[in-house]
Amino acid sequence: MATVTETAVVPVPKVRQTKILIGGEWRDSVSGKTFDTVNPATEEVIASIAEGDKEDVDLAVAAARKTFDSGPWSTMDARDRGRLIMRLADLVESNAAELAALETLDNGKPINDSMAADIPLVIDCLRYYAGWADKIHGDTIPIRGNYFCYTRREPIGVCGQIIPWNFPALMAAWKWGPALATGCTVVMKPAEQTPLSCLRMGELALEAGIPEGVINIVPGYGPTAGASLVKHPGVDKIAFTGEHLTAQIIMKDAAMTLKRLTFELGGKSPNVIFADADIDAAVAGAEFGLFFNQGQCCCAGSRVFVQESIKDEFVEKLVSRAHERTLGNPFDTGTSQGPQIDQAQFDKILAYVEKGKAAGADCLTGGTRFGNKGFFVEPTVFNNVTDDMPIATDEIFGPVMSILSFKDTDEIIRRSNNTFYGLAAAVWTRDVAKAHLYAKSVRAGTVWVNCYDVFDAAAPFGGFKMSGMGRELGEAGLNNYTELKTVTMSLD
Ligand code: ADP
């Protein structure tokens, strides 16, 4: 069984910033209200945060609008803009230990993951987009007649950015990177569960010399601060990461002002293991693909399909790896799994465990709370799951793996696509043709072959179907932050 680890080897960081950032100033909310952010490992309050609502969003949008419309950001030489983004990346790097610890404090993720994954990916994303700033250009187009025709890629304007709690700093970087590179200004609403790292990054952005009003941050709740941002006529675009049900509300709320929308939403990603795969690599990939970040990844490989002839061996190895996971204090470098984000997620996950059992799936390990403090859930593996069970159809967003079996390639392609989601998929095989056939046939925005969760700032990420709209990262991510203008000049 999972073992408790006792020693906190990394010190808990000091919280420096709890206010709203508007036009370069840190302010209390107009209402004076605050909300608490809670440490999910201890259930204790970490800090009270200024609670933004419509009035604060109005001020933040006014600041972002003024900065966008009057410069200097959008009119600055693009190379200089790139240098400032680069400076922010450098400051994140020199404060990496503090930011990683803040992330672990607020989100509960193991310090090893914050240090090795979240913060390095933040730095990489900012540097990648800093490099783009002076490489965004249009085309010259040979139109009919005596004209000179060219296109310009111009910043879309004020961008409302609404992010979730599972990778708080990284989601901020994915959204700031392309917005800043293109010359947009930003009003960001971090998730109410995890505002701390985003607020600290806001301080670093000012220290880097990114002008006041370029990045504004309004912590608060979704239906109040978030919805006000979505409805605001001064906002040109909303970039949102979260649940598809929230995206549906945002789409309706954005309809009156016809805002540009990009969504990165949920998934029920298939992780397919053929009998000819390197089984140990596939077991490790299935464990990582589902349990990483406590199962709180939109692209989690939560439907593990194993070809019949190797299923028993696979299941035995997988369960033994699940037993080796170490739950406990996320500040302990020996911990591989921290708590879930909050009571609501914890309750939802355990309710799905009961649904899985009621539907007749075999719970081979886990399915219970770990310890008596914090929102910890034991790594859980269900075997003999069928496609119609709730644990096979619904996004659980927790450490609950469903193992299903399949016979052949046609069948697994059909069953992989039997979902309204389409964010990611993975396939494990030594047969190159089979890998490419699967990659071509699966309706998902990302396909990993003999690997899982390989992310790079240069590689586009986003969903087919109800897993999203538009792409983040890469050049594709940039284009969602520009308007394309066509200029035609008579040469007569
Ligand atoms: P999750 O289940 O990951 O919390 P949500 O979609 O509920 O996913 O939340 C993601 C982000 O969207 C959070 O910052 C949240 O506050 C925000 N949010 C929730 N509801 C709304 C809404 N109606 N309008 C705008 N933002 C919202």
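All of the points below concern the structure found in this document. As a convention, each chain's residues are numbered from 1 in the sequence order in which they are written. pLDDT decides what is reported in this predicted model: residues at 70 or higher carry local features, side-chain atom pairs at 80 or more are listed and counted, and totals for whole chains, interfaces and linings draw on all residues regardless. Side-chain measures here rest on the full set of heavy atoms in the structure, leaving out hydrogens and waters.

## So, the packing of aromatic side chains
Two rings from Phe, Tyr or Trp (for Trp, the six-membered ring) form a pair when their centres are within 6.5 Å of each other. A pair whose planes differ by under 30 degrees is stacked, one over 60 is edge-to-face, and the rest are tilted. Inspection of the entire model under this criterion finds 16 aromatic pairs. With 6.4 Å between their ring centres and 55 degrees between their planes, phenylalanine 346 and phenylalanine 375 make a pair best called tilted. On the criterion of sequence distance, the pair formed by phenylalanine 346 in helix H11 (residues 343–358) and phenylalanine 375 in the loop between strand E16 (362–365) and strand E17 (380–383) is long-range, its members being 29 residues apart. Both residues of the pair, phenylalanine 346 and phenylalanine 375, count as buried. Relative to tyrosine 421, the ring of phenylalanine 420 lies with its centre 4.5 Å away and its plane at 45 degrees, an arrangement referred to as tilted. Whether a residue is buried, partly exposed or exposed follows from its accessible area with a 1.4 Å probe, protein chains only, as a fraction of its type maximum: under 20%, in between, or over 50%, in that order. Looking at phenylalanine 420, the relative accessible area reads 39%, which means it is partly exposed. The class for tyrosine 421 is buried, based on a relative accessible area of 7%. One aromatic cluster in this structure is built from Trp174, Trp448, Tyr452, Phe455 and Phe461. The lysine or arginine in question, lysine 237, covers the ring of tyrosine 481, its NZ or CZ lying 4.3 Å from the ring centre. Helical segments are the DSSP runs of H or I of at least four residues, strand segments are the runs of E of at least two, and each set is numbered from the N terminus. Placement of a charge over a ring requires the Lys NZ or Arg CZ to be within 6 Å of the ring centre, with the centre-to-atom vector within 35 degrees of the ring normal.

## What about the sheet that holds strand E19 (residues 424–428)?
At least two DSSP bridges between two strands are needed for those strands to be called paired. With mixed pairing, 7 strands are arranged side by side in an open sheet as E16-E17-E18-E14-E13-E19-E20. At either end of the open sheet lies a strand with only one pairing partner, and these are E16 and strand E20 (446–449). When strand polarity is set aside, the average angle formed by the axes of neighbouring strands in this sheet is 25 degrees. In this sheet, strand E14 (residues 303–307) lies alongside strand E13 (residues 270–273) in parallel orientation, the contact comprising 4 bridges. Directly across from asparagine 271, in E14, lies its bridge partner valine 304. Interaxial angles span 0 to 180 degrees and are taken between N-to-C directions of axes, which are lines fitted to C-alpha atoms, for helices over the stretch in contact.

## Some remarks on empty space enclosed by the protein
A 1.4 Å probe that fits but cannot get out identifies a cavity on a 1 Å grid over protein atoms alone, an open set with protein on both sides within 12 Å along at least five of seven lines counts as a pocket, and a residue lines either if it has an atom within 4 Å of a point. Grid points are joined across faces, edges and corners, and a volume is the space filled by probe spheres set on the points. Enumeration according to the criterion identifies 6 cavities of 30 Å³ or more in this entry. In this structure, the largest cavity occupies an estimated 80 Å³ of space. Around the largest cavity, the lining comprises 13 residues; the ones closest to its centre are Ala300, Ser302, Glu395, Ile396 and Phe397. Looking at side-chain class alone, the lining of the largest cavity contains 7 nonpolar, 4 polar and 2 charged residues. Three classes are used: nonpolar for Ala, Val, Leu, Ile, Met, Phe, Trp, Tyr, Cys and Pro, charged for Asp, Glu, Lys and Arg, and polar for all others, with Gly counted as polar.

## What about the pairing of strand E5 (residues 44–50)?
Remember that side chains alternate between the two faces of the sheet whenever the strand is regular. Relative to E5, strand E4 (residues 34–39) runs antiparallel, the two being bridged by 6 bridges. Note on E5: the bridge partner recorded for asparagine 39 is glutamate 44. Linking E4 to E5, which pair antiparallel, is a turn of 4 residues; within it glutamate 43 sits at a positive phi near 65 degrees.

## Here's the deal with the nonpolar core
Leu88, Val92, Trp176, Ile273, Phe314 and Ile403 are the most contacted members of the largest nonpolar core, which has 93 residues in total. Discounting residues that sit within four places of it in the chain, isoleucine 273 has contacts with Ala282, Val304, Phe305, Val306, Gln307, Ile310, Phe314, Phe406 and Trp428. Nine residue types can take part in a nonpolar core, namely buried Ala, Val, Leu, Ile, Met, Phe, Trp, Tyr and Cys, and a core is a set of them joined through side-chain atoms within 4.5 Å. Grouped together as the second largest cluster of nonpolar side chains are 26 residues, Phe305, Ile396, Ile412 and Ala425 included. Contact between two residues is taken to exist if any of their heavy atoms lie within 4.5 Å; hydrogens are not considered.

## Description of a nonpolar patch on the surface
Candidates for patches are residues over 30% relative accessible area with no salt bridge; among them, like charges are joined within 9 Å and nonpolar side chains (Val, Leu, Ile, Met, Phe, Trp, Tyr) within 5 Å. Surface accessibility follows the Shrake-Rupley procedure with a 1.4 Å probe radius. Residue values consider only the protein chains on display as shielding. Take a side-chain nitrogen of Lys or Arg and a carboxyl oxygen of Asp or Glu: if they are within 4 Å of each other, that pair is a salt bridge. There is a patch of nonpolar side chains on the surface, built from Ile141, Ile143 and Tyr147 and spanning about 240 Å² of accessible area. The residue isoleucine 141 is located in strand E6 (residues 140–141) in this model. In this structure isoleucine 141 comes out as partly exposed when scored by relative accessible area, which is 34%.

## A word on the pairing of E13
Alternating positions in E13 separate into two faces, Pro270 and Val272 on one and Asn271 and Ile273 on the other, with burial throughout. Of the pairings in the sheet, the one linking E13 to E19 comprises 3 bridges and is parallel in character. Within the sheet, the bridge partner assigned to asparagine 271 lies in E19 and is alanine 426.

## Describing the layout of surface pockets
A probe as big as a water molecule, rolled over the atoms, marks out the empty space that is left. Estimates place the volume of the largest pocket at around 710 Å³. Phe240, Thr241, Gly242, Glu243 and Thr246 are, among the 32 residues lining the largest pocket, the residues nearest its centre. The biggest single contributor to the lining of the largest pocket is helix H7 (residues 222–231), with 5 residues. Tallied by class, residues from the lining of the largest pocket come to 15 nonpolar, 9 polar and 8 charged.

## Remarks on unusual backbone geometry
Here glycine 71 and proline 72 are connected by a cis peptide whose omega angle stands at 5 degrees. Along the chain, the position of proline 72 falls in the loop between helix H1 (54–70) and helix H2 (78–94). Backbone geometry places glutamate 43, a non-glycine residue, at a positive phi of 65 degrees. Classification of glutamate 43 as partly exposed rests on a relative accessible area of 35%. Even without being a glycine, phenylalanine 397 presents a positive backbone phi close to 60 degrees. When you line up the elements, phenylalanine 397 lands in the loop between helix H12 (390–393) and strand E18 (400–406).

## Some remarks on the sheet that holds strand E22 (residues 482–490)
The strand order E6-E7-E22 describes an open sheet built from 3 strands, whose pairing is antiparallel. Across the chains shown, the open sheet's two edge strands, defined by having one partner strand only, are E6 and E22. With 9 bridges joining them, strand E7 (residues 147–155) and E22 adopt antiparallel strand pairing. Within E22, the residue paired with arginine 152 across the bridge is lysine 485.

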